[in-house]
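Listed here are the chains, written in short residue letters.
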Amino acid sequence: MRWLQPSGTVAAPEASVNGPAIIVVPPPRLVPGTHALVWRVVSADGHPVGGTLLFSIGHRSQAPQDETGSAGAIAAAAGRWMLILLLVFGSGANAWAALSGRSPPDRRRAIAGATTGCVAFMLAGQAMDLAGCGLLGLLARHPWELVAGSPFMWTAVLAIVAVGIPLAAPRGLAAAAASMLAAALSFAASGHAATAEPRPFVAIAVAIHAAAMLFWLGALPDLLRSTREIVDVSIYQRFARVATPAVLALAISGTALAAAQLTSPHALVDTPYGLVLSAKLVLVVLLLSLAATNRLVLVPAMARGSMTARFGLRRSICVEIVLGAAILALAAGFRLPLPPRASLGVNGHFHGEHVMADISMFP
């Protein structure tokens, strides 16, 4: 909570919470001119929600500008993206190794260490975003208290558990399943979907969507490596048998989540959240097209001994990995815009010489 006076001086007013209301006591000796009360609260899904109330005393002057930037939100989204990538290479790759019987290079310690550092970076960004402060603000205790009490702390804990299970337990289907479960639940623990109704249904859909995505993308590095190591195409056929139901689960759960977050099909192009989702859907369609080409064209050609098909499959998987990373970046970016279902109201601020009004209308 910041009170910006006409001169640009920033004061920290007293504020208390009474249920859903925030009661603010103005600073003493307010000078004439236009003042701005910048408020910021943490919503139920862990994301910050804020705004600015303008009013004038005596006469109207130029409104003071709030210089708080969005560095925290960007850092939090970047940290979330890197964390998802690590879960792909950790939990997703382990799940594929357990199902396929293959032994990929042992990078468990490296992934666990990188995940710990990434979690710290993500939580620092979240703390800056929740407190509305800059990097120096992290020296205070308040931003860390906010992030410790937010749902993102559960996301961080579950992500560390997901990459820690393979370190503590021997490789096997049970350990891979437990790691995948923790990783999938880390997605359902926070984010806009965490408060969408009906909550139990949406939480399950998020976990299924995340697990299917982690498995599919987590298998790609090993499949790429196999194009250089083996001639037998049974590994690709085995992946196709498992990936087909995973893609089906991904599509069904993704459709359900989109329906829960969007208010109408027009929101796909009329809202910032919908535009991010539309871009993600375009990349997913390209990814599915490549996967279908691999299964129906390139793998059968490899079975007939075509080296051209082998090189083509290698290039195709490389493109799939790049597309997958871009899709995950857009998924991490969902935290920046509000979903349409959370912004059904229309808000307006009117400020004239003799009257001020804040009007909110809801259908």
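Because the structure is a prediction, the values reported are computed rather than measured.

Criteria and thresholds
- Residues numbered from 1 in each chain as written.
- Predicted model: local features only at pLDDT ≥ 70, side-chain atom pairs only at ≥ 80, totals over all residues.
- Heavy atoms only, no water.
- Helix = DSSP H or I, 4+ residues; strand = E, 2+ residues; numbered from the N terminus.
- Contact = heavy atoms within 4.5 Å.
- Areas by Shrake-Rupley, 256 points an atom, 1.4 Å probe, with all protein chains shown as cover.
- Core = buried A, V, L, I, M, F, W, Y, C linked by side-chain atoms within 4.5 Å.
- Buried < 20%, exposed > 50% of the residue type's maximum accessible area, 1.4 Å probe, protein only.
- Pairing = 2+ DSSP bridges.
- Salt bridge = Lys/Arg side-chain N within 4 Å of Asp/Glu carboxyl O.
- Expected span 1.5 Å × (residues − 1).
- Bend = angle between axes of the 7 residues up to and from the residue.
- Phe/Tyr/Trp six-rings, centres within 6.5 Å; stacked < 30°, edge-to-face > 60°.
- Patch = residues over 30% accessible without salt bridge, like charges linked within 9 Å, V, L, I, M, F, W, Y side chains within 5 Å.
- Axes fitted to C-alpha atoms, helices over the stretch in contact; angles between N-to-C directions.
- Parallel < 35°, antiparallel > 145°, perpendicular 65-115°, else oblique.
- Left-handed = near helix turned anticlockwise from the far one by under 90°.
- Nonpolar A, V, L, I, M, F, W, Y, C, P; charged D, E, K, R; others polar.

**Q** A description of the overall build of the chain should follow, citing residues and the corresponding values.
**A** Helix and strand counts for the chain come out as ten helices and eight strands. Within the chain, contacts between residues separated by at least 24 positions form 68% of all contacts whose residues are at least 6 apart in sequence. Summed over all atoms, the accessible surface of the chain reaches about 18,400 Å², with 68% contributed by carbon and sulfur.

**Q** Mind laying out the nonpolar core, listing which residues take part and the relevant values?
**A** Formed by 66 residues in total, the largest nonpolar core has its most connected members in Leu87, Phe187, Met213, Leu214, Leu223, Tyr236 and Phe239. For this core, the elements supplying multiple residues, two or more each, are α1 (71-100), α2 (108-131), α4 (152-168), α5 (173-188), α6 (199-229), α7 (234-261), α9 (272-303) and α10 (307-332). For this core, the leading source of residues is α6, giving 15 residues. If we skip the residues at most four places from it in the chain, leucine 87 touches Gly92, Ala159, Ala162, Val163, Ala183, Ser186, Phe187 and Leu214. If you look at the next biggest cluster of nonpolar residues, it comprises six residues, including Ala267, Val276, Leu277 and Phe334.

**Q** Describe the pairing of strand β3 (residues 14-18), with residues and values.
**A** Judged by how many residues are buried, β3 sits mostly at the surface: zero of five residues are covered. Two strands pair when backbone bridges link them, and β3 and strand β4 (residues 21-25) are joined in this way by five bridges, in the antiparallel orientation. Bridge pairing links glutamate 14 to valine 25 in β4. Counting the residues that bridge the hairpin from β3 to β4 gives two residues, and of these glycine 19 lies at a positive phi of roughly 65 degrees.

**Q** An account of the pattern of salt bridges is requested, with residue identities and associated values reported.
**A** Charged atoms that come close allow side chains of opposite charge to pair. In this structure the tally under the stated criterion is two salt bridges. Between arginine 141 and glutamate 145 there is a salt bridge; the shortest N-O distance is 2.9 Å. Arginine 225 serves as the salt-bridge partner of aspartate 222, at 3.1 Å between the closest nitrogen and oxygen. Placement of the pair is aspartate 222 and arginine 225 together in helix α6, with a separation of three residues, close to one helical turn. For the pair aspartate 222 and arginine 225, a shared accessibility class is recorded, and that class is buried.

**Q** Can you tell me about α4, naming the residues and giving the values?
**A** Each turn of an α-helix holds 3.6 residues, which means side chains three or four residues apart point in the same direction. Taking 1.5 Å of rise per residue, the 17 residues of α4 would be expected to cover 24 Å, and the 24 Å separating its terminal C-alpha atoms lies within 8% of that figure. For α4, the principal kink sits at alanine 162 and spans about 25 degrees; a proline, proline 166, occurs within the next four residues. Considered for burial, the residues of α4 that qualify are Phe152, Thr155, Ala156, Leu158, Ala159, Ala162, Val163, Ile165 and Pro166. Those residues of α4 that are buried lie in contact with α1, α2 and α5.

**Q** Please give an account of the packing of aromatic side chains that cites residues and values.
**A** All told, the structure shown has four aromatic pairs when counted by the stated rule. On the basis of an interplanar angle of 80 degrees and a centroid distance of 5.5 Å, the ring pair of tryptophan 3 and phenylalanine 55 is categorised as edge-to-face. Of the two residues, tryptophan 3 sits in strand β1 (residues 2-4) while phenylalanine 55 sits in strand β6 (residues 48-57), which places them 52 residues apart along the sequence. The class of tryptophan 3 is buried, set by a relative accessible area of 4%.

**Q** I'd like a description of α2, backed by residues and values.
**A** In this model, α2 (24 residues) spans 34 Å end to end at C-alpha, consistent with the 34 Å of a helix rising 1.5 Å per residue. One or two positions beyond α2, positive phi appears at glycine 132, with a value near 65 degrees.

**Q** Which residues make up a nonpolar patch on the surface, and what values go with them?
**A** Among the surface-exposed residues, Met1, Val17 and Ile22 lie close enough to one another that they form a single nonpolar patch of about 260 Å² accessible area. Structurally, valine 17 is set in strand β3.

**Q** Can you tell me about the packing of α9 against α10, naming the residues and giving the values?
**A** At their nearest, the axes of α9 and α10 sit 9 Å apart, and the two run at 160 degrees to each other. Overall, the two elements α9 and α10 adopt an arrangement that is roughly antiparallel. Crossing hand, α9 versus α10: left-handed. Per-class residue counts for the contact of α9 with α10 are 20 nonpolar, three polar and three charged.

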